[in-house]
Amino acid sequence: SNGLKLEDVPGDGNCQFHALAKQLARFAGDFDMGSDCHDVRRDVAQWLRKNAQFKPDANDVSEKAELRYFTTYPGCSSRNWKKSWQEYCDKVENQERSSTPLWGDNLTILAAANHYRRPVRVWLSPDVEPRSKNRVIAPSNSNCADAPFEIAHIHEVHYQSVSILDDSDAKPQLGPPELDRESS
């Protein structure tokens, strides 16, 4: 075993949020809650609503570096950022439980890292990032001493949760035949 195992989650448009919910369960002692994908969507949307003017790069003084300028989804209007931002956050939250929800993206991972105050390590498909096996999205104003949430992204297809089998420094393989897969 390479020390890490991919745990599949439903491919229902909520896969990033299912993967993050599995990670919340992994650290259940740190969070006083049992979360499902809808709880994670709600938490992430709430953080995004409160932080429209958050700058991922604190050194960038440009107003255009604020999160509210990064929303892109079908039907997004760039002319009215307040309306577009609110629409984006509503689509992230998905209170109506749409059968075709807005997929999680880089902004929702950043929001999760900040809301839960825990880094998120995203293991990447080798066909997308051959030189970089993973990226860590750290919360702002944090020393990142906590173990990260571990999720895998199969480019433009699916997110999965990653479980740690032991303390090795191994990396998950995101393609056959080395893939250790566990279905839920």
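Residues numbered from 1 in each chain as written. Predicted model: local features only at pLDDT ≥ 70, side-chain atom pairs only at ≥ 80, totals over all residues. Heavy atoms only, no water.

Asks: Outline the overall build of the protein chain, listing residues and values.
Replies: Of the regular secondary structure elements, the protein chain holds four helices and six strands. Helices (α) and strands (β) of the protein chain occur, in sequence order from the N terminus, as β-α-α-α-α-β-β-β-β-β. Across the 184 residues of the protein chain, 43% fall into the buried class. In the protein chain, the share of contacts with a sequence separation of at least 24, taken over all contacts with a separation of at least 6, comes to 65%. As displayed, the protein chain has an accessible area near 10300 Å², and 46% of this comes from carbon and sulfur atoms. (Helix = DSSP H or I, 4+ residues; strand = E, 2+ residues; numbered from the N terminus. Buried < 20%, exposed > 50% of the residue type's maximum accessible area, 1.4 Å probe, protein only. Contact = heavy atoms within 4.5 Å. Areas by Shrake-Rupley, 256 points an atom, 1.4 Å probe, with all protein chains shown as cover.)

Asks: Could you give me a rundown of the side chain of threonine 108, with the residues and numbers involved?
Replies: One can find threonine 108 in helix α4 (residues 106-116). Taking relative accessible area as the criterion, threonine 108 reaches 0% and is therefore assigned buried. Looking at threonine 108, its side chain comes within polar contact range of the side chain of glutamine 16, at 2.5 Å. With near-sequence residues (within four places) excluded, threonine 108 lies in contact with Gln16, Phe17, Val44, Leu48, Tyr88 and Val92. (Polar contact = N/O pair within 3.5 Å; in protein donor to acceptor, adjacent residues only side chain to side chain.)

Asks: Kindly report on the confidence of the model for the protein chain, identifying the contributing residues and their values.
Replies: Mean pLDDT over the protein chain stands at 78; residues scoring 70 or higher make up 70%. Of all helices and strands in the protein chain, the one with the weakest mean pLDDT is strand β6 (residues 181-182) (44), whereas helix α2 (residues 37-50) scores best (94). Here residues 173-184 is a poorly scored stretch, pLDDT under 50, and it has 30 contacts once near neighbours within four places are set aside; other chains count. (pLDDT = per-residue confidence, 0-100.)

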